[in-house]
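# Notes for the structure review
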Amino acid sequence: MVTAIGASSATGSVSAGSDTQLAALEKQLAAYQKQLTEAEKNATSESGKAAVETLNRQIAAIQAKIDQLSAQKASNTTAATSNSQTAASGSATSTKSSDSILGGSVDVYV
């Protein structure tokens, strides 16, 4: 019989780390947005315009990281739920799916 005790505790620790990272990224994003607002007020010179562009790129990069962590967190939550349901039923079947982001295949237990 399969038990989900290890799976849920491991997912919980990953989730806590993700929450901390998300909070830090959101704080950094807010700081960059504040800087962008100020830079846009002073964007009359070439250096001011360059600063606005740099801040826009930094904001886009941080937003992409936030989106990626949010997707991973949602995926981990779904996996933990699936693991719990599989453990409760006492049976699991393995299927393989290709994951182009990871560059290989991942076993998925349903």
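Please refer to the structure placed before this passage.
Conventions and cut-offs
- Residue numbers run consecutively from 1 along every chain, following the written order of its sequence.
- A pLDDT threshold of at least 70 governs which residues receive local features in this predicted model, and a stricter bar of 80 or more applies before side-chain atom pairs are shown or counted, although totals over entire chains, interfaces and linings include all residues.
- Hydrogens are left out, water is left out, and the side-chain values use all remaining heavy atoms of the structure.
- Comment: elements are numbered from the N terminus, with helices defined as DSSP H or I runs of at least four residues and strands as E runs of at least two.
- For every residue, the accessible area obtained with a 1.4 Å probe (protein chains only) is divided by the maximum for its type, and the residue is called buried under 20%, exposed over 50%, and partly exposed between those limits.
- By definition, residues are in contact when any of their heavy atoms lie within 4.5 Å.
- Each accessible area is a Shrake-Rupley result for a 1.4 Å probe, and residues are judged covered by the shown protein chains and nothing else.
- A pairing counts as a salt bridge when a side-chain nitrogen of Lys or Arg comes within 4 Å of a carboxyl oxygen of Asp or Glu.

The next subject is the overall build of the protein. The number of helices and strands found in the protein is 2 helices and 2 strands. Element order for the protein, N to C, with α for helix and β for strand: α-α-β-β. Across the 110 residues that make up the protein, the buried fraction comes to 17%. Taking the intrachain contacts of the protein between residues at least 6 apart in sequence as the baseline, contacts between residues at least 24 apart amount to 49%. Split by element, the accessible area of the protein, about 7600 Å² in all, is 56% carbon and sulfur.

As a further point, take the pattern of salt bridges. Scanning the entire structure with this criterion turns up 2 salt bridges. Here K73 and D19 are joined by a salt bridge, their closest N and O atoms 2.5 Å apart. Remark: D19 occurs in helix α1 (residues 5-41) and K73 occurs in helix α2 (residues 46-89); sequence separation between them is 54 residues. Judged by its relative accessible area of 34%, D19 is partly exposed. One salt bridge in this structure joins E38 and K41, with 3.4 Å as the shortest N-O distance.

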